[in-house]
Amino acid sequence: MQAFDLHAGLVATLDRSNVDTDQIIPKQFLKRIERTGFGEFLFFDWRFDEQHHPKPTFELNHPQFRGSSILVTRRNFGSGSSREHAVWALMDYGFRCVIAESFADIFYNNSFKNGLLPLVLSATNIQTIFDRVAHRPGYHLAVDLKQQSVRDDLGLNASFEVDPNRKHCLLHGLDDIELTLEHVAEIDRFERARGYSKVE
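Residues numbered from 1 in each chain as written. Predicted model: local features only at pLDDT ≥ 70, side-chain atom pairs only at ≥ 80, totals over all residues. Heavy atoms only, no water.

### A few points about the environment of L14
Looking at where L14 falls in the secondary structure, it is placed in strand β1 (residues 6–14). Those residues in contact with L14 that sit more than four places away from it in its chain are V19, F43, W46, F58, E59, L71, V72, T73, R74, F77 and F130. (Helix = DSSP H or I, 4+ residues; strand = E, 2+ residues; numbered from the N terminus. Contact = heavy atoms within 4.5 Å.)

Put into structure tokens, the structure is as follows:
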């Protein structure tokens, strides 16, 4: 899993609440078994018309958001079904961090397990970011997981909370298996004490 420490990137905004996983990645694109290739289908029904042409009114189709890696949105992002593909689609599109007022629990958990940082800020800070994006094309944020802060060059410096274990895993790029392997020596000692030899 790709580690996350300090990330500075272009910000895209999605001014919607209750964005569910079926809108993030519609069900017809869930047939592939690998984790890559989902980015082109991200927000498919919102991004494209019936002829698969980009809708100019949808935020992510705006030229100013091309190459963005931080998505800022409203409350309850990632609601609906528990599909992990929603996180894969966001990451494959190029996002490393999603900032929202709140997240659906399962999406929030899936994000950490796959290397995407779901970051909760207050409605006031979210609105400040929306306002600055609207008036300053090319607006960037710096997200510092180690210091648990979000900063810009206009004076914004907002702190956020994160579970210490999730923070450790994301800082070091550890998925559940890699986290377990950090304790392989202790596991081996435990198994030997029970009469089992180490499996090579």
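### So, the packing of aromatic side chains
For the structure shown, the criterion picks out 14 aromatic pairs. Judged by centre distance (6.3 Å) and plane angle (85 degrees), the rings of F77 and F103 are edge-to-face. Here F77 is found in the loop between β2 (70–73) and α3 (85–93), whereas its partner F103 is found in the loop between β3 (97–100) and α4 (105–114), with 26 residues between them in sequence. Among the aromatic residues, those joined into a ring-pair cluster are F77, F103, F107, Y108 and F112. The aromatic ring of W46 is capped on one face by R16, whose charged end is 4.2 Å from the ring centroid. One Lys or Arg, R74, reaches over the ring of F130 and ends 3.9 Å from the middle of that ring. (Phe/Tyr/Trp six-rings, centres within 6.5 Å; stacked < 30°, edge-to-face > 60°. Lys NZ or Arg CZ within 6 Å of the ring centre and 35° of its normal.)

### A short note on the layout of surface pockets
Considering only enclosed or pocket space, the largest pocket measures out at about 160 Å³ in volume. If you go around the largest pocket, the residues you meet are M1, R35, T36, W88, M91, D92, K113, N114 and D175. Of all the secondary-structure elements, those providing two or more residues to the lining of the largest pocket are α3 and α4. Counting residues per element, the lining of the largest pocket draws most heavily on α3, which supplies three residues. Broken down by class, the residue content of the lining of the largest pocket amounts to three nonpolar, two polar and four charged. (1 Å grid on protein atoms, 1.4 Å probe; cavity = no way out; pocket = protein on both sides within 12 Å on 5 of 7 lines; lining within 4 Å. Points joined across faces, edges and corners; volume = space filled by probe spheres on them. Nonpolar A, V, L, I, M, F, W, Y, C, P; charged D, E, K, R; others polar.)

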